[in-house]
Amino acid sequence: MAGIIESSPAHQNFSRYDIRVIIKFSVILGKDASCIHKDLVTVLRENAPSIQTVRKWVKAVSEGRDDMEDEPRPGRPVTACRDANISKVLVSLSDYRRKTCEEISTETSMSRTSVFRVLTSKLNNNKKFSKWVPHLLTDEQKESRVNFSRNFLRRFQTEQNDFLGRIITGDETWVYSWDPETKRQSAEWRDFDEPRPEKVRRKQGALKVMHMIFFDMNGVILRWPVPIGTTINAQYYKKVLQDKLRPAIRKKRPGLLKSGILFHHDNAPVHTARAVTDVLAGYKWELLEHPRYSPDLAPCDFHLFPKMKEHLRDQRFETEEDIIQATKVAIKNLDKCSYVTAFKDWLQRIEKCANNGGYVE
């Protein structure tokens, strides 16, 4: 019997009725339930019925059952019940979409299992957690992000890598004397029946040093640790641009001063102050505007700082100098390709943002 079925090119398209007919035919040939089940598994593999189902139908045929169709069931048609249940669930969710299956079950007088089946199988819903975003963007702010992205892409399409190669981007970040490792960093391989590892939630260290970092596709141009107690205002930022960044560019990237620098930083008040914009204009550095509330479009925020701090997490530093030296080593240990990757990732994020202006993950 198995040989006959195996020769069929559509052996995986057997309906339940077809399988029952095969069981009936096998019983007539004198085969028992175990033998019939073995034949069905050989041919249908995971689509084969269970041994209990085969035994049930072998018994039914042996007792004289001739019709292999399902017996009609009393009550309303299944599809009618299904449609009614779907409507109940939709009405229940219309006013509040955070309800649990238990709450919907109570409102609709449906079982929790039925509610879950309607939500997942019929409505193709799943419960999604809210994601943290820097800011709830207004339509105007989204439009600003779209305009920035499209202008950026237009420049890139015209100038290609010459455009990206002229960009210097920078920002400030705190580096702490101790920064706990991330949840992802603490993951470890365990057996399936083992519990999850536990760790105490801790705060960052009290001692911290602000770092100002500027980089391009070829690497870091300036890493400047701000002395503790210094207030970073427009005048201080202007002084760093004049006394630290420009000499660093002249030393490490002299060609950029000739080809023309495209300067990028976010729109923090310190960066947009008149004293700073005047200095940039005096140097003839073209300023790439940055949309408000958009750390996801700032290479320092979404790439460089997280990569740098991966090397610093879960280490303890006793002094300001320890923090400064560790940060220097962390940057030095970054892969040279990491900076090119940052700009490629930036371009991909901008392409996504150009569509709707929403935050990019």
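Keep in mind that what you see is a predicted model, and the values were worked out from it rather than measured.

(A) Examining the sheet that holds strand E2 (residues 208–216) more closely. Read from one edge of the open sheet, five strands run E3-E2-E1-E4-E5, paired in mixed fashion. With partners counted over all chains shown, the strands left at the sheet margins are strand E3 (219–225) and strand E5 (286–288), one partner each. Averaged over all adjacent pairs, the angle separating strand axes in this sheet is 25°, with direction ignored. One ladder, built from three bridges, connects strand E4 (residues 262–264) with E5; its direction is parallel. In the strand pairing of E5, leucine 262 is matched with glutamate 286.

(B) Spatial organisation of the side chain of histidine 290. The residue histidine 290 is located in the loop between E5 and helix H14 (299–310) in this model. Its relative accessible area of 10% is what places histidine 290 among the buried residues. The residues contacting histidine 290, other than those within four sequence positions of it, are His264, His265, Asp266, Asn267, Leu297 and Ala298.

(C) Spotlight on the nonpolar core. Phe152, Phe163, Leu164, Ile167, Phe215 and Trp346 are the most contacted members of the largest nonpolar core, which has 38 residues in total. Tallying contributions element by element places helix H16 (residues 337–356) first for this core, with eight residues. Ranked by size, the runner-up nonpolar core spans 23 residues in total, among them Phe214, Ala234, Ile249 and Phe263.

(D) Just the pairing of strand E1 (residues 167–176), in detail. Among the 10 residues that make up E1, nine are buried, leaving the element largely enclosed by the rest of the structure. Relative to E4, E1 is paired through three bridges, and the arrangement is parallel. The residue of E4 that forms the bridge with isoleucine 168 is phenylalanine 263. Of the pairings in the sheet, the one linking E1 to E2 comprises eight bridges and is antiparallel in character. The partner of threonine 169 across the bridge, within E2, is phenylalanine 215.

(E) Geometry of the pattern of salt bridges. Applying the stated criterion across every chain yields a total of 13 salt bridges. Here glutamate 102 ties to arginine 112 by a salt bridge, and the two come within 2.9 Å at their closest N and O atoms. Taken together, the positions of glutamate 102 in helix H6 (residues 101–108) and arginine 112 in helix H7 (residues 112–122) put the pair 10 residues apart, joining distant regions of the chain. If you follow the salt bridges from partner to partner, you end up with Arg155, Glu159, Arg166 and Glu286 in one network.

(F) Spotlight on the packing of helix H3 (residues 33–44) against helix H4 (residues 51–62). As a packed pair, H3 and H4 sit with axes 9 Å apart at the nearest point and diverge in direction by 125°. Viewed along their axes, H3 and H4 adopt a mutual orientation that is oblique. In the crossing of H3 with H4, the sense of the turn from one axis to the other is right-handed. For the pair H3 and H4, contact is made by Ala33, Ser34, Ile36, His37 and Leu40 and by Ile51, Val54, Arg55 and Val58, respectively. Residues that form the contact of H3 with H4 fall into these classes: six nonpolar, two polar and one charged.

(G) Layout of the packing of aromatic side chains. Applying the stated criterion to the full structure yields 10 aromatic pairs. Taking the centre distance of 5.0 Å and the plane angle of 70° together, the rings of phenylalanine 152 and phenylalanine 163 count as edge-to-face. Linking phenylalanine 152 in helix H8 (residues 139–159) with phenylalanine 163 in helix H9 (residues 161–165), this pair joins segments that are 11 residues apart in sequence. Both residues of the pair, phenylalanine 152 and phenylalanine 163, belong to the buried class. Ring geometry for phenylalanine 215 against phenylalanine 343: centres 6.0 Å apart, planes inclined by 85°, an arrangement best described as edge-to-face. Of the two residues, phenylalanine 215 is situated in strand E2 and phenylalanine 343 in helix H16; the sequence distance between them amounts to 128 residues. This pair shows no difference in class: phenylalanine 215 is buried, exactly as phenylalanine 343 is. A connected cluster of aromatic rings, assembled from ring pairs, spans Phe148, Phe152, Phe163, Phe215, Tyr339, Phe343 and Trp346. Its guanidinium or amino end placed over the ring of tyrosine 283, arginine 246 lies 4.3 Å from that ring's centre, counting from NZ or CZ.

How each quantity is defined
- Residues numbered from 1 in each chain as written.
- Predicted model: local features only at pLDDT ≥ 70, side-chain atom pairs only at ≥ 80, totals over all residues.
- Heavy atoms only, no water.
- Pairing = 2+ DSSP bridges.
- Helix = DSSP H or I, 4+ residues; strand = E, 2+ residues; numbered from the N terminus.
- Axes fitted to C-alpha atoms, helices over the stretch in contact; angles between N-to-C directions.
- Buried < 20%, exposed > 50% of the residue type's maximum accessible area, 1.4 Å probe, protein only.
- Contact = heavy atoms within 4.5 Å.
- Core = buried A, V, L, I, M, F, W, Y, C linked by side-chain atoms within 4.5 Å.
- Salt bridge = Lys/Arg side-chain N within 4 Å of Asp/Glu carboxyl O.
- Parallel < 35°, antiparallel > 145°, perpendicular 65-115°, else oblique.
- Left-handed = near helix turned anticlockwise from the far one by under 90°.
- Nonpolar A, V, L, I, M, F, W, Y, C, P; charged D, E, K, R; others polar.
- Phe/Tyr/Trp six-rings, centres within 6.5 Å; stacked < 30°, edge-to-face > 60°.
- Lys NZ or Arg CZ within 6 Å of the ring centre and 35° of its normal.

Any functional reading would require information that these geometric values do not contain.
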